[in-house]
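# Results of the structural survey
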Amino acid sequence: MSHKAEFLSRDEVCAIYQCLDGHIHLKYRTLDIAMDPCDFHQVADVFVEALRILRKTKQLQKPEESVTEEVDLKNMETLPKV
């Protein structure tokens with residue numbers, strides 16, 4: 001990874017930046033995930049969809065209600081990138 005980067009977005013605990021090698025990095029605290037632009041678009045779509053659902057759920061939810069959905073992360077189908 002190159003030492004220079006162009007920040008695309010950042011906040012107190014996270015940032016998204018592009019290094020000079022063309023990788024897009026998602027940095028959260030000490031975690032730094034580098035990906036190619038195609039993978040970044042997929043990750044960004046997942047984040048956008050999650051935000052949309054959370055906002056919709058929050059608007060429909062009464063204060064005393066909580067929404068819980070169990071997700072089996074161990075058996076979740078994801079495609080490995082080599």
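Look up a bit, the structure's there.
So, here's what we can say about the structure. Along each chain, residue indices are assigned from 1 in the same order as the chain's sequence is written. Per-residue local features are limited, in this predicted model, to residues with pLDDT of at least 70; the limit for side-chain atom pairs, both in listing and counting, is 80 or more; totals at the level of whole chains, interfaces and linings are taken over all residues. Each side-chain value is worked out from all heavy atoms of the structure, with water and hydrogens disregarded.

## Focus: the overall build of the protein
For helices the rule is a DSSP run of H or I covering at least 4 residues; for strands it is a run of E covering at least 2, with both sets numbered from the N terminus onward. Along its length, the protein carries 1 helix and 4 strands. Starting at the N terminus, the α and β elements of the protein follow one another as β-β-β-β-α. When a residue's accessible area, from a 1.4 Å probe over protein chains only, is under 20% of the maximum for its type it is buried; when over 50% it is exposed; and in between it is partly exposed. Here the protein holds 82 residues, and the buried ones make up 11% of them. Here a residue-residue contact requires only that any non-hydrogen atoms of the pair lie within 4.5 Å. Sequence-distant contacts in the protein: of pairs separated by 6 or more residues, those separated by 24 or more amount to 7%. A total accessible area of about 7800 Å² is found for the protein, and carbon and sulfur atoms account for 56% of it. For every accessible area listed, the method is Shrake-Rupley and the probe measures 1.4 Å; residues are considered covered only by the protein chains on display.

## Digging into unusual backbone geometry
Unusually for a residue other than glycine, Arg-29 sits at a positive phi of about 50 degrees. Relative to the helices and strands, Arg-29 is located in the loop between strand E3 (24–28) and strand E4 (31–35). Its relative accessible area of 52% is what places Arg-29 among the exposed residues.

## Observations regarding the pairing of E3
Where strand E2 (residues 14–19) and E3 come together, 5 bridges link them in antiparallel fashion. If you follow Gln-18 over to E3, its bridge partner there is Ile-24. Between E2 and the antiparallel strand that follows it, E3, lie 4 residues; Gly-22 among them carries a positive phi value of about 95 degrees. Strands are labelled as partners when DSSP assigns at least two bridges between them. Summarising the sheet, E3 and E4 pair through 5 bridges and their orientation is antiparallel. Looking across to E4, one finds that Tyr-28 is bridged to Leu-31. Where E3 hands over to E4, the hairpin turn is made up of 2 residues, of which Arg-29 adopts a positive phi near 50 degrees.

## Describing the environment of Leu-20
Note that Leu-20 resides in the loop between E2 and E3. Sequence spacing of Leu-20 and Lys-4 is 16 residues, and the spatial spacing of their C-alpha atoms is 6.5 Å.

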